[in-house]
Number of protein chains: 2
Amino acid sequence: MSTRRDFLQNMGLGIGFASLAPTLLQTTQAAGISQNPAPKLRVALMGLGSYATRVAEAMKTCQSAVLTGIVTGTPAKIPVWKEKYALADKNIYSYETLGELKNNPDIDVVYVITPNSLHHTHVIQVAATGKHVITEKPMADTAKHAEEMIKACEKAGVKLLVGYRMHFEPYTREVIRMLRDGEMGTLMHVDNYMGFRIGDPTQWRLKKDLAGGGALMDVGVYCLNAARYLTNEEPLWVTAQETKTDPVKFKEVDETITFQLGFPGGVIASCATSYNVNLERLYAVGTKGFVEMSPAYSYGPIKGRTHKGPLNEPVVTHQTLQMDGMADIILNGKTMTPAVDGYEGLRDMKIIDAIYESIRKKGVKIQLG
Amino acid sequence: MSTRRDFLQNMGLGIGFASLAPTLLQTTQAAGISQNPAPKLRVALMGLGSYATRVAEAMKTCQSAVLTGIVTGTPAKIPVWKEKYALADKNIYSYETLGELKNNPDIDVVYVITPNSLHHTHVIQVAATGKHVITEKPMADTAKHAEEMIKACEKAGVKLLVGYRMHFEPYTREVIRMLRDGEMGTLMHVDNYMGFRIGDPTQWRLKKDLAGGGALMDVGVYCLNAARYLTNEEPLWVTAQETKTDPVKFKEVDETITFQLGFPGGVIASCATSYNVNLERLYAVGTKGFVEMSPAYSYGPIKGRTHKGPLNEPVVTHQTLQMDGMADIILNGKTMTPAVDGYEGLRDMKIIDAIYESIRKKGVKIQLG
């Protein structure tokens, strides 16, 4: 416990993690003070693919979030998930019965992990039940859809969060802290890369109508989101270029995109993303030093170094931290910087839209604003 | 000696270095065979700034090139250089007496190390004397000037080489060999960065009329030249973006430029260059592995690693190798790949012209052709 507590305290998140509550509780109990345990965030997962499985496994060690339900269109998965995660029958939904969530007091939030283009519909459907929503990144397939999702959640009075896993990750937090504290001097340049060689050519990520786009949507969003939190600014313009070496496999979606974001302070973030190249790096250099993370965005272990030497942060399960952190946001109204809310997702979606526009217009600068 | 010999033999340059000749000579002498020593390339340096001093010092350990003369516009430097490098009075020229080189049998080649914009005039003047010419990179300030330099040298029947130091450097050669031998699989992506925080704001590098341009001209050329030798292709298009955080210091020339080169095989090389950010990296990733050099372009020691582990090549003085290699090209007609001739320089200059054009046109793709 102490290692984890020390780690959380060292993260500089600026939010009080609900996961500390049980420890405090033990202390008060030991002192003979009677108190109910802190409530946990009760989560239903929607879309039971491989990433949902990863989240479910990670939540086993959450201290302030617990998996209580599922939404699935595949009946065969139900017995497996019921057994594995001790789910009650009444907390198991199909897409047809989704509306009944509104009467279920055992579920606080639905984490939408369906294909990108379905986030829009699913988030709006969940919001209509009065439940909070987490949507996996990318938030949507277009900025227009992202805006509609925000409006729907605001109208329903529910919170909307986006699965920005790295915002909770210790190396990333430490790098942000170093930049904010001026340890790299004035930030001058950023390179962010994220790509991998995608497998199964029949998967939904390669279908335009489900994925919305290709590598940029799926993993390029890490690079552009990182560029924003490294600079702590919103870009003024974007330029982008595309290349496709396998027009059969990548018939419907982008294979490799390079893009550049121009920030008010003068930084140009130079980024690349791919479904056909292994790439993974975050690099920020200032007038007094640099920081490199590589790997930088995958599930870990993350590795980092700066002009002062290697970074040594705790190796954690990202999704565990994310869900504990989101519990604190949803249950306790905590805030964090950078945010993980719908507006944060919308800003990325506007940039993604602009990147595709720049590619269509042969690389010309698209002003953001 | 054996270390150096082994190293040269391992370089896979595909050229027989003249510097091996003395060793062979010793062998034949030991066998009692009489033979004149291999002739050395007799070099005059033009423009005695800090880089010329570096070249002169490096040439002390050359085996097949020797410093025999200078061309300078600063009389105060003459006694220092005469003394230090044992130069004969008759091999010392000013820019006014340059034409007399034609009658001097002690000088084979003039290495032009004057400010970029003066290369054009100086190379043409040297060629008119019938001497071979080496010009420091960037070859010229514009592609048009580079073409005129090539024509002047062809007309005069002299060789024109460009100071592409890295083409002789062991880590670079090994990386090229690995790529050509398919050890990285199919090359998919390249990142090249070179920049530094420039000092003295009054230096010629910050004057447009002398430097032709800023960081791109001076050190960006390493990135684009590397992109060409890594891919072994000529780019089809270029896009570029500029940022300027210090418009006073960088009033006349570019401070920081990012640019991208699109190659026929599908690689986009993503590059950045700066006079205000420390950047230095060469990165090439293929379907089977990667290579990184960092530092990659400065005077050494270079460091490199691949998917298989660290690269361990000999640490050498780049300019020594370059001048020995150029001796072999000029004296023995050897060829090397990539070339270090005027056409190689011209290709880079055409890309530099296109980068500036893309910046003027808000990042739009400029087709190269």
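Residues numbered from 1 in each chain as written. Chains lettered and ligands numbered in written order. Predicted model: local features only at pLDDT ≥ 70, side-chain atom pairs only at ≥ 80, totals over all residues. Heavy atoms only, no water.

- Where an unreviewed UniProt entry is consulted, chain A appears under the name Gfo/Idh/MocA family oxidoreductase, with the organism given as Arundinibacter roseus.
- As its UniProt record puts it under Sequence similarities (unreviewed entry), chain A is described as follows: "Belongs to the Gfo/Idh/MocA family." (UniProt positions renumbered as here; feature names shortened; annotations may be inferred.)

## Describing the relation of the copies chain B and chain A
No. 1: Once turned by 180° and shifted 0.0 Å along the axis, chain B lies on chain A with an RMSD of 0.0 Å. Those values place the two copies in the arrangement expected of a two-fold rotation axis. Relative to the rotation axis, the closest C-alpha in chain B is found at Val364(B), a distance of 2.2 Å.
No. 2: Comparing contact sets, 100% of the residues at the interface of chain B also lie at the interface in chain A, consistent with an isologous, same-surface contact. (Least-squares fit on C-alpha atoms with pLDDT ≥ 70 in both. Contact = heavy atoms within 4.5 Å.)

## Some details on the UniProt feature "domain: GFO/IDH/MocA-like oxidoreductase" (unreviewed entry) in chain A
No. 1: Per the UniProt annotation, the sites labelled "domain: GFO/IDH/MocA-like oxidoreductase" (unreviewed entry) are residues 173–291 of chain A.
No. 2: Across residues 173–291 of chain A, the secondary structure splits into 24% helix and 38% strand, with the terminal C-alpha atoms separated by 12 Å. (Helix = DSSP H or I, 4+ residues; strand = E, 2+ residues; numbered from the N terminus.)

## Concerning the environment of Glu136(B)
All names here are of chain B.
No. 1: By the secondary structure assignment, Glu136 is in the loop between strand E5 (132–135) and helix H6 (143–156).
No. 2: Judged by relative accessible area, Glu136 falls into the buried class, the value being 9%.
No. 3: The residues contacting Glu136, other than those within four sequence positions of it, are Tyr51, Tyr111, Val112, Ile113, His119 and Gly163.
No. 4: Within the local environment of Glu136, its side chain forms a polar contact with the side chain of Tyr111, the two groups lying 2.5 Å apart. (Buried < 20%, exposed > 50% of the residue type's maximum accessible area, 1.4 Å probe, protein only. Polar contact = N/O pair within 3.5 Å; in protein donor to acceptor, adjacent residues only side chain to side chain.)

## Remarks on the sheet that holds strand E15 (residues 366–367) of chain A
Residues and elements named next belong to chain A.
No. 1: Spatial strand order, E14-E13-E12-E11-E7-E10-E9-E8-E15: 9 strands in an open sheet with mixed pairing. One side of each edge strand has no neighbouring strand; the edge strands of this open sheet are strand E14 (309–311) and E15.
No. 2: As paired elements, strand E12 (residues 290–293) and strand E13 (residues 304–306) share 3 bridges and run antiparallel to each other. Its bridge partner being in E13, Met293 is matched across the sheet by Gly304.
No. 3: Strands in contact with helix H9 (residues 215–231) are strand E7 (187–197), strand E9 (256–262), strand E10 (268–274) and strand E11 (276–286); relative to E7, the strand with the most contacts, it is inclined by about 160°.
No. 4: Strand contacts of helix H11 (residues 342–360): strand E8 (237–243), E9 and E15, with the helix running at about 60° to E8, the strand carrying the most contacts. (Pairing = 2+ DSSP bridges. Axes fitted to C-alpha atoms, helices over the stretch in contact; angles between N-to-C directions.)

## Here we look at H6(B)
All names here are of chain B.
No. 1: Spanning 14 residues, H6 covers 20 Å between terminal C-alpha atoms, matching the ideal 20 Å at 1.5 Å per step.
No. 2: Those residues of H6 lying buried are Ala143, Ala146, Met149, Ile150, Ala152 and Cys153.
No. 3: In the core, the buried residues of H6 are packed alongside helix H5 (119–128), E5, strand E6 (160–162) and helix H11 (342–360).
No. 4: In the segment just after H6, Gly157 is the residue with positive phi, at about 70°. (Expected span 1.5 Å × (residues − 1).)

## Topic: the packing of aromatic side chains
Residue and element names in this part refer to chain B.
No. 1: In total, this model carries 10 aromatic pairs over all chains according to the counting rule given.
No. 2: Here the aromatic rings of Trp81 and Tyr85 are separated by 5.1 Å at their centres, their planes lie at 50°, and the arrangement is tilted. In this pair, Trp81 and Tyr85 are both assigned in helix H4 (residues 77–85), 4 residues apart and thus about one turn of the helix distant. Accessibility classification places Trp81 together with Tyr85 in one group, the buried group.
No. 3: Here Phe196 and Tyr275 contribute two aromatic rings whose centre-to-centre distance is 5.5 Å and whose plane-to-plane angle is 75°, an arrangement assigned as edge-to-face. One end of the pair, Phe196, is in strand E7 (residues 187–197); the other, Tyr275, is in the loop between strand E10 (268–274) and strand E11 (276–286), with 79 residues separating them in the sequence.
No. 4: For Tyr275, a relative accessible area of 1% puts it in the buried group. (Phe/Tyr/Trp six-rings, centres within 6.5 Å; stacked < 30°, edge-to-face > 60°.)

## So, the sheet that holds strand E13 (residues 304–306) of chain B
Residue and element names in this part refer to chain B.
No. 1: Across the sheet, which stays open at both edges, the 9 strands sit in the order E14-E13-E12-E11-E7-E10-E9-E8-E15 with mixed pairing between neighbours. Either end of the sheet is taken by a strand with one partner, and the two such strands are strand E14 (309–311) and strand E15 (366–367).
No. 2: Note that E13 and E14 share 3 bridges and pair antiparallel. Directly across from Thr306, in E14, lies its bridge partner Gly309.

## What about the side chain of Thr306(A)?
Residue and element names in this part refer to chain A.
No. 1: Among the structural elements, Thr306 can be located in strand E13.
No. 2: Owing to a relative accessible area of 6%, Thr306 belongs among the buried residues under this scheme.
No. 3: At 2.9 Å, the side chain of Thr306 forms a polar contact with the backbone nitrogen of Lys308.

## Some words on the packing of helix H9 (residues 215–231) of chain B against H11(B)
Residue and element names in this part refer to chain B.
No. 1: At their nearest, the axes of H9 and H11 sit 10 Å apart, and the two run at 115° to each other. Between H9 and H11, the angle is such that the two are roughly perpendicular. Taken as a pair, H9 and H11 cross one another with a handedness that is right-handed. Here Leu216, Met217, Val221, Leu224, Asn225 and Arg228 of H9 come into contact with H11, specifically with Glu344, Arg347, Asp348, Met349, Ile351, Ile352, Ile355 and Tyr356.
No. 2: Residue classes in the contact of H9 with H11 are distributed as 9 nonpolar, 1 polar and 4 charged. (Parallel < 35°, antiparallel > 145°, perpendicular 65-115°, else oblique. Left-handed = near helix turned anticlockwise from the far one by under 90°. Nonpolar A, V, L, I, M, F, W, Y, C, P; charged D, E, K, R; others polar.)

## Examining the interface of chain B and chain A
No. 1: Of the residues lining the interface, 33 residues belong to chain B; the matching set on chain A comes to 33 residues.
No. 2: Buried surface at the junction of chain B and chain A, summed over both partners, amounts to about 2600 Å²; 64% is from carbon and sulfur atoms.
No. 3: Of all residues in chain B, Met188(B), Gln241(B) and Ile268(B) bury the most surface against chain A, accounting for 18% of the area lost on that side.
No. 4: Between the two partners, chain B and chain A, sit 0 salt bridges.
No. 5: Counting across the chain B and chain A interface gives 10 residue pairs in polar contact (both at pLDDT 80 or more).
No. 6: Every element with two or more residues in the side of chain B that touches chain A is listed here: E7, strand E8 (237–243), strand E9 (256–262), E10 and E11 of chain B.
No. 7: By residue number, the principal contributor to the side of chain B that touches chain A is E11(B), which donates 7 residues.
No. 8: Across the side of chain B that touches chain A, the residue classes break down as 10 nonpolar, 14 polar and 9 charged. (Buried area = accessible area lost by both parts, 1.4 Å probe. Salt bridge = Lys/Arg side-chain N within 4 Å of Asp/Glu carboxyl O.)

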